[in-house]
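Fold and geometry: a report
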Amino acid sequence: MDDPDTHDEGEASDASETTAGGEEAAADLAVACTLTEDERRERAERARSTLADAYRGTRDAEDGIVLVFDGIDGTIADVAGFVSAERRCCSFAAYSIEISPPYEETWLRISGPDGTAELFEDGLVESFERTEG
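What you are looking at is a predicted structure, and each value in this text was computed from that prediction instead of being measured.

1. Things to note about the packing of aromatic side chains
On inspection of all chains with the given rule, the structure shows 5 aromatic pairs. Measuring from centroid to centroid gives 6.4 Å for Phe-92 and Phe-120, while their planes differ by 50°, and the two rings are tilted. Highlighted residues: Phe-92 in the loop between α2 (73-89) and β3 (94-99) and Phe-120 in helix α3 (residues 116-132), separated in sequence by 28 residues. The exposure class assigned to Phe-92 is buried, which follows from its relative accessible area of 1%. Taking relative accessible area as the criterion, Phe-120 reaches 2% and is therefore assigned buried. With centroids separated by 6.5 Å and ring planes inclined at 85°, the aromatic side chains of Tyr-95 and Phe-120 adopt a geometry described as edge-to-face. Placement of Tyr-95 in strand β3 and of Phe-120 in helix α3 is noted, with a sequence separation of 25 residues between them. Taken together, the ring pairs connect Tyr-55, Phe-69 and Phe-128 into an aromatic cluster.

2. What about the side chain of Glu-86?
Structurally, Glu-86 is set in helix α2. Judged by relative accessible area, Glu-86 falls into the buried class, the value being 1%. Setting aside anything within four residues of it in sequence, one finds Glu-86 in contact with Arg-43, Tyr-95 and Phe-120.

3. Digging into helix α1 (residues 37-51)
One turn of an α-helix holds 3.6 residues; hence residues three or four places apart share an orientation. Its 15 residues place the ends of α1 21 Å apart at the C-alpha level, agreeing with the 21 Å of an ideal helix rising 1.5 Å per residue. Among all positions in α1, only Arg-43, Ala-44, Ala-47 and Leu-51 are buried. Projection of α1 onto a plane perpendicular to its axis shows the buried side chains occupying an angular sector of 100°, all on one side. Projecting away from the buried face of α1 at angles above 90 degrees are the exposed residues Asp-38, Glu-42 and Ser-49.

Basis of the calculations
- Residue indices begin from 1 for each chain and proceed along its sequence in written order.
- Totals for whole chains, interfaces and linings use every residue, but because this is a predicted model, local features are given only for residues with pLDDT of at least 70 and side-chain atom pairs only at 80 or more, for both listing and counting.
- Hydrogens and water molecules were not included; the side-chain quantities draw on all heavy atoms of the structure.
- Only Phe, Tyr and Trp rings are paired, with Trp represented by its six-membered ring, and only when their centres lie within 6.5 Å; those with planes under 30 degrees apart are stacked, over 60 edge-to-face, the remainder tilted.
- Helix and strand assignments come from DSSP, with helices taken as H or I runs of at least 4 residues and strands as E runs of at least 2, each series counted from the N terminus.
- The cut-offs for exposure are 20% and 50% of the maximum accessible area for each residue type, with area from a 1.4 Å probe on protein chains only; residues under the lower value are buried, those over the upper are exposed, and the others partly exposed.
- Contacts: residue pairs with any heavy atoms within 4.5 Å of one another.
- Expected span, for any helix, means 1.5 Å times one less than how many residues it has.
- Each C-beta atom gives one direction from the helix axis, and the arc is the one those directions make.

The values are spatial; any link to function lies outside them.
Put into structure tokens, the structure is as follows:
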């Protein structure tokens, strides 16, 4: 796969663009999860139970973070399910699933305003890494 900091093909990386509805894009939204503490724990457990075994690490990205998972079909579906749920509580972030030959890895790019990477590192990534050890 391409280096996450240099890959821009087909992505809308300019956070100042407006959506079709005229709303300001992710740059103007607060970097915060809208879930309660109990909902966050439940979400983390659900993500851990479906994705932790497939988790391979992270890559830095200029405007966020890239989570690397294995490339098997079930993982691709699980990552898509995670994105479907996550976009409801972290609406400031943009999510992109990247899969390229030889299909050994699935990359989940999560980008957004300053603080996006830290939010996902402090919650989701830490929970995956605790599961690994």
